[in-house]
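Observations on the three-dimensional arrangement
Now for the letters of each chain:
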Amino acid sequence: MRKLIILTLAVVLFAASGVYATLTRTLTMGDANMVVRDDNNIWMFPSTLYDYPDIAIGEFGYGGYDYPDLRKPTGTNDDGYNFTDFGIHYKFNETNPFVLALYFTTNQPFYVPYYPFGWDMSVQSNRRIDLFYARMLGGNKFGFHFNYVSGSSKYETDTVTGYINNPNYEEESIRNYGFDFGLTMMEGNLDLAAGVDLMSWTDKEYNGHDETEPDGNFFFNAVGRYFYEASQKVTLIPYAGFDYSKVGVKYLAYDSISFANIDSLLRTDEYKDFIIGAGLGMNYRPMEGVLAIGDFGIMLDKYTYTYKPNDTTNWEREYKSDYFTLPYFRIGLDAVVFKWLDLRAGAVSYWNKYKSDDKYVDYVANANDVAYTYKYRSSYVSNETFLGAGFHWNNLYLDAFINPQIVTNGFNFISGMQQPLAWQVSLKYLMK
């Protein structure tokens, strides 16, 4: 499962979240957001917002299927049918226009990556806003995306509590500021983007002392693509990108009864992840109303976790893993069937090599405990298929990720089976 998430993240970079005709359209074309022009591109390249003014977009999901996007507020909740996201693109000024977009999501909460400590259920409703801005800057399109996350919980009980004979000043909060910048140049054929996230948190115990502290958290990504028209039927799209993340955690020692030595350092954990990849996509238009895509590329994900105790009586651990995808493939189709109906289908294939090295260093003077390294290697293929449909009536567009059992079993009045028609739906309305 982690591999699927990492690959999804890599594709969202060059693929980068989430959380539009959309998220569902590009997904059902083989997760092709990188190589297809679509308003869903704004989550990778904020400058493309300038091309999609005056629209309203809603995202709907079904809890039986979860397709995660780690950087954006996409995906579905696990409690049934949900109206998960809603956004509006506003256009202002006529002579020198700019486009402003606001998105809000019900997909809560935002967690610290890798769950380094155990308060994740306390800080819940914390995703505040996704704000986009785009305008012309000289002869180029400029875009900006701001993502704000903030949530907290705090106790100020200055009397004896029922749990322990001590007042309760527990406090937990999380803050994340995400900034993405984009530029579209060369008559709209070159898209570039880069982003940074700054995250911090507060984690205080019952007596108001810190249980954990952040120790340098940083997230950075960059991505680019270029549309080259090779012929009337074929457009080639080379692209590349990378993503770097670091989460550091200081654990502070304490005694659960006396709370002695609560400010002393117990250990330090550090999580690092570096993803880099490149690929070549293709848009193929054999006839009017038909778009077929192809895409292949390579990706490397290097992940490192280190565990360092602050004394010489415990193990030190270093875990390293490499996911090398050589190559991955995508194919997809978007074809007009009727004036009001489009057929979508797609498939992805990842040819993966995985290796991990788990190293333990023993500081204890014990002959029975020795340092060792645990190694694991594997090679495997991950394939996935998608079926979709696009419906459009005047200014209203509906894109659906179709449940394939509808094809094999038929509708309820034929098969009698209880099943959803679609796992995911994007609804778009053009306000012009």
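The following refers to the structure shown. (Residues numbered from 1 in each chain as written. Predicted model: local features only at pLDDT ≥ 70, side-chain atom pairs only at ≥ 80, totals over all residues. Heavy atoms only, no water.)

1. Side note on the overall build of the chain
Across its full length, the chain carries four helices and 18 strands. Residues counted as buried form 49% of the 432 residues belonging to the chain. Counting only carbon and sulfur atoms, one obtains 58% of the accessible surface of the chain, whose full area is about 20,800 Å². (Helix = DSSP H or I, 4+ residues; strand = E, 2+ residues; numbered from the N terminus. Buried < 20%, exposed > 50% of the residue type's maximum accessible area, 1.4 Å probe, protein only. Areas by Shrake-Rupley, 256 points an atom, 1.4 Å probe, with all protein chains shown as cover.)

2. Section: the pairing of strand β11 (residues 234-253)
Side-chain positions along a regular strand alternate between the two faces of the sheet. A large share of β11 lies buried, amounting to 14 of its 20 residues. Pairing analysis gives three bridges linking strand β8 (residues 210-214) to β11, with the strands arranged antiparallel. Residue T212 lies in a different strand from β11, and its bridge partner there is Y251. Bridge count between strand β9 (residues 218-226) and β11: eight bridges; the pairing is antiparallel. Directly across from A222, in β11, lies its bridge partner F242. When strand β10 (residues 228-229) meets β11, the two strands line up antiparallel, connected through two bridges. Residue Y228 lies in a different strand from β11, and its bridge partner there is L236. Following β10, the chain reverses through four residues before pairing antiparallel with β11. Bridging between β11 and strand β12 (residues 264-284) involves 20 bridges; their strand directions are antiparallel. Within the sheet, the bridge partner assigned to Y244 lies in β12 and is F274. (Pairing = 2+ DSSP bridges.)

3. What to know about the pairing of β8
Note: strand β7 (residues 190-204) against β8, two bridges, orientation antiparallel. Residue pairing across strands places K204 opposite D210, the latter belonging to β8. Linking β7 back to β8 in an antiparallel pair, the connection comprises five residues, with G208 at a positive phi of about 90 degrees.

4. Brief notes about the nonpolar core
Generally speaking, a soluble globular protein has its nonpolar side chains buried in company with each other. M29, A32, M34, V35, V36, F45 and I293 are the most contacted members of the largest nonpolar core, which has 23 residues in total. Of all the elements in the fold, those that place two or more residues in this core are β11, β13 (290-309) and β15 (341-361). Considering every element that reaches this core, the biggest residue donor is β13, with three residues. If we skip the residues at most four places from it in the chain, A32 touches T26 and I293. Counting residues in hydrophobic clusters, the runner-up holds 15 residues, among them F110, F219, V247 and Y251. (Core = buried A, V, L, I, M, F, W, Y, C linked by side-chain atoms within 4.5 Å. Contact = heavy atoms within 4.5 Å.)

5. Some points on the pattern of salt bridges
With the rule as written, the count across this model stands at 18 salt bridges. The partner of D191 in a salt bridge is R225, and the shortest N-O contact between them spans 2.9 Å. A residue pair is termed long-range when its members are at least 10 positions apart, and D191 in strand β7 and R225 in strand β9 qualify at 34 residues. Each member of the pair, D191 together with R225, is buried. (Salt bridge = Lys/Arg side-chain N within 4 Å of Asp/Glu carboxyl O.)

6. Some details on a nonpolar patch on the surface
Residues V337, F338, W340, L343, W393, L396, Y429 and M431 make up a contiguous nonpolar surface patch of about 740 Å² in total accessible area. Residue position: V337 is located in strand β14 (residues 316-338). (Patch = residues over 30% accessible without salt bridge, like charges linked within 9 Å, V, L, I, M, F, W, Y side chains within 5 Å.)

7. Quick word on the side chain of T24
With respect to the helices, strands and loops of the structure, T24 is situated in helix α2 (residues 23-28). At a separation of 2.6 Å, a polar atom in the side chain of T24 contacts the side chain of S426. Residues contacting T24, with those up to four places away along its chain left out, are E59, D399, A400, F401, Q424, V425 and S426. (Polar contact = N/O pair within 3.5 Å; in protein donor to acceptor, adjacent residues only side chain to side chain.)

8. A word on the packing of aromatic side chains
The way to describe two aromatic rings as a pair is by their centre distance and the angle between their planes. Enumeration over the complete set of coordinates arrives at 24 aromatic pairs. Ring centres of F60 and F83 lie 4.4 Å apart, and the angle between their planes is 15 degrees; this geometry places the pair in the stacked category. One end of the pair, F60, is in strand β1 (residues 55-62); the other, F83, is in strand β2 (residues 81-92), and 23 residues separate them in sequence. Taking relative accessible area as the criterion, F60 reaches 28% and is therefore assigned partly exposed. (Phe/Tyr/Trp six-rings, centres within 6.5 Å; stacked < 30°, edge-to-face > 60°.)

9. Structural notes on unusual backbone geometry
In this structure, the amide linkage connecting L326 to the following residue, P327, adopts the cis form with an omega of -10 degrees. Checked against the element boundaries, P327 lands in strand β14. You will see that N93, though not glycine, has its phi angle at about 70 degrees, which is positive. Looking at the secondary structure, you find N93 in the loop between β2 and β3 (98-105). For N93, a relative accessible area of 46% translates into the label partly exposed. Its identity is not glycine, yet M186 carries a phi of approximately 55 degrees, on the positive side.

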